[in-house]
Amino acid sequence: MSIARPLIATSLLLILIAAGWIWWAMPSKVDMADYVPADSIVYLEFNSVTDLVNAIEQSDAWRATASMTGYSTGGSNKVLTFMTKAGIGPTDAVILSRAQVALVVVRWNTIEENNTLRVKPDVALVVETHTSSWRTNATVTSALQRLAALAYGDTRCNQTNSGTIECASSQDRKIVGAIDGTVVIIGNSNDAVQKVLEVRKGVRPSLRTDTELLRVRSSMAKANSVGFGYISQANSAKLFSWAAPLLMGKDPGDAKLESVLASSANAILRGIAWTATPAAGHIEDRFQISCDPSVVAKLQPAFDPGSFDEQLFSLVPSSIQSLTIYRARQPSAAWTALNNAVAAKVGALPAVLFGTILKSGLMSYGITQPGEVLETLEPPLLTFRPSDKTESSVLVARLKNKESFRKLMDQAFKATSGQIIEGLNSEPSAEKEFTAVLNDQYVIVGKTDGVKECLSALHSNTVISSQNKSPLKPADFDNIAPIFSYADDEVRLNTFLTTLVMLKQQSLTPNQEQSLREKLKPFAFATTETSLNENGIERKTESSFGQFSTLMSLLQSSTSRATNDSKQ
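A.B. asks: Before we move on, could you go through the overall build of the chain and cite the residues and values that matter?
C.D. replies: When its secondary structure is counted, the chain shows 20 helices and 19 strands. Across the 568 residues of the chain, 48% fall into the buried class. In the chain, of all internal contacts separated by at least 6 residues, the share reaching a separation of at least 24 is 65%. Of the roughly 27400 Å² of accessible surface on the chain, a fraction of 54% belongs to carbon and sulfur atoms.

A.B. asks: Provide a residue-level description of helix α15 (residues 402–416), including the pertinent values.
C.D. replies: The periodicity of an α-helix, 3.6 residues per turn, causes residues three or four positions apart to be oriented the same way. Under the 1.5 Å per step criterion, the end-to-end length of α15 is 20 Å for 15 residues, consistent within 8% with the ideal 21 Å. Of the surrounding elements, those touching the buried residues of α15 are α14 (370–374), β12 (377–385), β13 (394–399), β14 (418–422), β15 (434–439) and β16 (442–447). Two residues or fewer past α15, serine 417 is found with a positive phi of approximately 60°.

A.B. asks: Give me the lowdown on the nonpolar core, citing residues and values where you can.
C.D. replies: Counting residues in hydrophobic clusters, the biggest one holds 44 residues, and the most contacted among them are Ile175, Phe496, Leu497, Phe545 and Phe548. Take this core: its biggest share by element is 6 residues, from helix α6 (residues 133–152). Apart from the residues lying within four places of it in its own chain, the contact partners of leucine 497 are Trp62, Thr65, Thr69, Leu516, Leu520 and Phe545. Counting residues in hydrophobic clusters, the runner-up holds 25 residues, among them Val36, Ala124, Val126 and Val196.

A.B. asks: Report on the packing of helix α17 (residues 490–503) against helix α18 (residues 510–520), specifying residues and quantitative values.
C.D. replies: Closest axis-to-axis distance for the α17/α18 pair is 10 Å, and the angle between their directions is 125°. Comparing the axis directions of α17 and α18 gives the class oblique. Where α17 crosses over α18, the two elements pack in a sense that is right-handed. Mapping the contact onto sequence places Glu490, Leu493, Asn494, Leu497 and Thr498 in α17 and Glu513, Leu516, Arg517 and Leu520 in α18.

A.B. asks: Outline the packing of aromatic side chains, listing residues and values.
C.D. replies: Summed over all chains, the structure comprises 9 aromatic pairs. On the basis of an interplanar angle of 75° and a centroid distance of 6.3 Å, the ring pair of phenylalanine 46 and tryptophan 274 is categorised as edge-to-face. On the criterion of sequence distance, the pair formed by phenylalanine 46 in strand β1 (residues 42–46) and tryptophan 274 in strand β9 (residues 269–279) is long-range, its members being 228 residues apart. Among the residues examined, phenylalanine 46 registers a relative accessible area of 7% and is labelled buried.

A.B. asks: Outline the environment of leucine 44, listing residues and values.
C.D. replies: Among the secondary structure elements, leucine 44 is positioned in strand β1. Between the C-alpha atoms of leucine 44 and valine 101, which are 57 residues apart in sequence, the distance is 8.3 Å. Other than its neighbours up to four places away in sequence, leucine 44 contacts Val101, Ala102, Leu103, Phe228, Gly229, Trp274 and Leu551.

A.B. asks: Pulling in residues and values, what's your account of the pairing of β12?
C.D. replies: Taking burial as the measure, the 9 residues of β12 include 8 buried ones, the bulk of the element. In this structure, strand β11 (residues 322–326) lies alongside β12, joined through 5 bridges in antiparallel fashion. Counted as the bridge partner of serine 322 is arginine 385 from β12.

A.B. asks: Account for unusual backbone geometry, naming residues and giving values.
C.D. replies: With an omega dihedral of -5°, the bond running from proline 379 to proline 380 counts as a cis peptide bond. Backbone geometry at serine 417 places phi at a positive 60°, although glycine is not the residue there. Inspection of the secondary structure assignment puts serine 417 in the loop between α15 and β14.

A.B. asks: Requested: an account of the pairing of strand β17 (residues 483–488), with residues and values cited.
C.D. replies: Remark: a regular strand shows side chains that alternate across the two faces of the sheet. Here β11 pairs with β17 via 5 bridges, running antiparallel. When the sheet's bridge partners are listed, tyrosine 326 is paired in β17 with isoleucine 483.

A.B. asks: Hey, could you go over helix α16 (residues 448–459) for me, with residue numbers and the actual values?
C.D. replies: Compared with the 16 Å implied by 1.5 Å per residue over 12 residues, the 16 Å span of α16 between its first and last C-alpha is a close match. Burial in α16 covers these residues: Thr448, Gly450, Val451, Cys454, Leu455, Ala457 and Leu458. Contact partners of the buried residues in α16: β12, β13, β14, β15 and β16. Just beyond α16, the residue with positive phi is asparagine 461, at close to 60°.

A.B. asks: An account of the pattern of salt bridges is needed here, citing residue identities and associated values.
C.D. replies: Scanning all chains against the criterion turns up 26 salt bridges. Two residues, arginine 204 and aspartate 39, come together in a salt bridge whose shortest N-O distance is 3.9 Å. Residue arginine 204 is located in the loop between α7 (190–200) and α8 (211–220), and its partner aspartate 39 is located in the loop between α1 (4–25) and β1; the two are separated by 165 residues in the primary sequence. Residues glutamate 538 and arginine 286 are paired through a salt bridge, measuring 3.0 Å at the closest nitrogen-oxygen approach. One end of the pair, glutamate 538, is in strand β19 (residues 536–543); the other, arginine 286, is in strand β10 (residues 282–291), and 252 residues separate them in sequence. On the accessibility criterion, glutamate 538 (22% relative accessible area) is partly exposed. Among the charged side chains, a network of salt bridges with common partners joins Asp31, Asp34, Glu45, Arg208 and Arg217.

A.B. asks: Kindly report on the environment of isoleucine 480, identifying the contributing residues and their values.
C.D. replies: With respect to the secondary-structure elements, isoleucine 480 resides in the loop between α16 and β17. What makes isoleucine 480 exposed here is its relative accessible area of 68%. Sequence separation between isoleucine 480 and proline 305 is 175 residues, and the spatial gap between their C-alpha atoms is 7.4 Å. In contact with isoleucine 480, not counting residues within four places along its chain, are Pro305 and Arg327.

A.B. asks: Kindly report on the packing of helix α3 (residues 60–69) against α18, identifying the contributing residues and their values.
C.D. replies: The description of two helices packed together rests on the angle between their axes and the distance between the axes. Contact pair α3 / α18: the axes reach a minimum separation of 9 Å and the direction vectors enclose 165°. Here α18 runs roughly antiparallel to α3, going by the angle between their axes. Considering only the axes of α3 and α18, their crossing is right-handed. For the pair α3 and α18, the contacting residues are Ala61, Ala64, Thr65, Met68 and Thr69 in the first and Gln512, Ser515, Leu516, Lys519 and Leu520 in the second.

A.B. asks: Report on the confidence of the model for the chain, specifying residues and quantitative values.
C.D. replies: Averaged over every residue, the pLDDT of the chain is 84; residues scoring 70 or more account for 85%. With pLDDT under 50 throughout, residues 557–568 is counted as low confidence; its partners more than four residues away or in other chains account for 19 contacts.

A.B. asks: Talk me through the side chain of glutamate 490; I want residue IDs and the actual numbers.
C.D. replies: Mapped onto the fold, glutamate 490 is located in helix α17. Here glutamate 490 occupies a buried position and makes no salt bridge, while the nearest side chain of opposite charge, arginine 517, is found at 4.3 Å. Ignoring anything within four residues of it in the chain, the contact list for glutamate 490 reads Arg517 and Ala524.

Scoring rules and cut-offs
- Residues numbered from 1 in each chain as written.
- Predicted model: local features only at pLDDT ≥ 70, side-chain atom pairs only at ≥ 80, totals over all residues.
- Heavy atoms only, no water.
- Helix = DSSP H or I, 4+ residues; strand = E, 2+ residues; numbered from the N terminus.
- Buried < 20%, exposed > 50% of the residue type's maximum accessible area, 1.4 Å probe, protein only.
- Contact = heavy atoms within 4.5 Å.
- Areas by Shrake-Rupley, 256 points an atom, 1.4 Å probe, with all protein chains shown as cover.
- Expected span 1.5 Å × (residues − 1).
- Core = buried A, V, L, I, M, F, W, Y, C linked by side-chain atoms within 4.5 Å.
- Axes fitted to C-alpha atoms, helices over the stretch in contact; angles between N-to-C directions.
- Parallel < 35°, antiparallel > 145°, perpendicular 65-115°, else oblique.
- Left-handed = near helix turned anticlockwise from the far one by under 90°.
- Phe/Tyr/Trp six-rings, centres within 6.5 Å; stacked < 30°, edge-to-face > 60°.
- Pairing = 2+ DSSP bridges.
- Salt bridge = Lys/Arg side-chain N within 4 Å of Asp/Glu carboxyl O.
- pLDDT = per-residue confidence, 0-100.
- Lys, Arg positive; Asp, Glu negative; His and termini not counted.

Quick look at the structure:
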């Protein structure tokens with residue numbers, strides 16, 4: 001008994017010491033917004049890499065292809081995860097289980113290449129490893145070298161006088177890395193890395209000073225969310241001012257035009273937020289485009305859903321690469337609502353510019369008088385890309401007033417080189433840029449190459465129908481959302497998985513790549529519902545890997561992507 005008591009006491013003491021050490025070693029969550037500049041253009045955060053990995057591993061597409069990619073499908077081992085979170089295990093496993101990550105665009109540059117302006121963002125990846133630098137240094141350096149090789153091909157890495165690591169390619173493209181305590185910063189420019197380091201030093205304010213970020217994150221992020229993103233009101237307007245000229249057929253870089261668009265968009269937008277959540281074998285992405293309350297009220301007619309005519313599907317090929325259904329009860333009223341929502345908040349000149357941007361969306365179908373033409377159509381309106389052989393989209397709708405539509409399009413086509421033909425068996429002239437095919441009370445209109453692709457599918461009866469063996473059925477689009485979109489996601493999914501294989505320094509043979517594409521086909525689609533809520537426009541997308549597949553595909557070098565695209 002006298003020996004047992006000291007042994008028991010010693011054992012309990014050791015247990016208490018071990019428990020105390022593990023409690024002390026377990027990392028505490030931090031707010032990654034504290035680590036990045038307040039003026040960051042785009043901010044993404046991932047507070048648990050293991051939760052994100054688990055969400056992807058639980059997706060149906062991942063499970064179906066794991067035997068080919070060589071990755072696990074069993075999820076994480078809870079005991080091992082607990083041990084690595086406590087700092088016990090290989091360094092890379094410890095970092096993975098503890099890491100919190102933020103991805104930011106700190107600056108948006110425009111550069112001229114071959115007389116063409118290109119956008120080159122300065123991006124920084126910030127990782128709170130919750131692990132001492134003496135332990136992470138070698139692992140981070142090795143990972144940086146692999147990342148540079150994957151992104152840019154052949155690269156050389158050197159330690160600079162300032163303590164950063166630079167990996168540069170022969171084309172002078174580089175990745176820069178720095179370690180500051182437990183934080184690792186990786187960027188595609190010195191400026192991106194230095195801005196984050198300045199936040200760490202307290203020289204530059206952090207994004208956590210943005211009260212709107214804190215508000216929208218608390219309202220949108222859920223306990224099981226694996227990702228969150230934010231673009232401030234000012235930066236949302238700025239991004240719009242850069243993108244809008246392209247929609248108007250102008251090159252970016254016109255400072256006066258961008259200033260007018262940015263100030264006007266600032267009066268309409270209140271910021272953009274994003275969350276990603278795992279859901280039943282896929283990832284659900286939610287985007288909230290917040291708008292001024294008065295704008296939200298005026299947008300209502302554009303999101304008031306009407307009836308649906310299933311007969312429209314007899315004019316839609318099953319080979320579609322993308323499809324969007326606009327269910328507005330009155331298409332012309334929806335168009336007017338969009339224009340009025342803008343005009344109510346901006347001056348006359350900006351209103352005209354915004355009207356031009358809206359008009360450009362329908363001009364791609366040869367429609368130059370949107371308000372008048374939409375008055376001749378019944379809801380819903382369907383737009384789609386017929387196949388992967390063409391980039392052109394076509395619009396299909398039921399005609400409310402056939403003769404009025406014909407008259408309006410005849411006027412438009414005199415100026416835009418278009419043709420109006422009758423019947424699905426008609427043959428459009430390839431010399432005309434646009435074609436409108438009238439078939440009883442329905443119309444197919446768009447660029448001629450897209451219309452020809454559509455007619456070819458209709459002639460062979462490969463359309464969306466419950467009566468044939470089409471892979472797509474009308475029930476696949478049985479959704480009451482005001483705007484519903486479908487997209488073939490095969491290329492993005494394939495790029496995501498082949499990139500992950502490349503990260504293991506492996507590759508797939510052409511036969512294996514073909515088999516991978518075949519296995520992905522049942523999961524290779526994404527659906528998006530767009531609706532209006534009290535804060536603005538909400539978009540909910542369901543896909544196999546969510547936006548993470550897009551982010552991962554950016555890591556591939558342009559050479560690698562070109563090779564993959566050519567094989568597809």
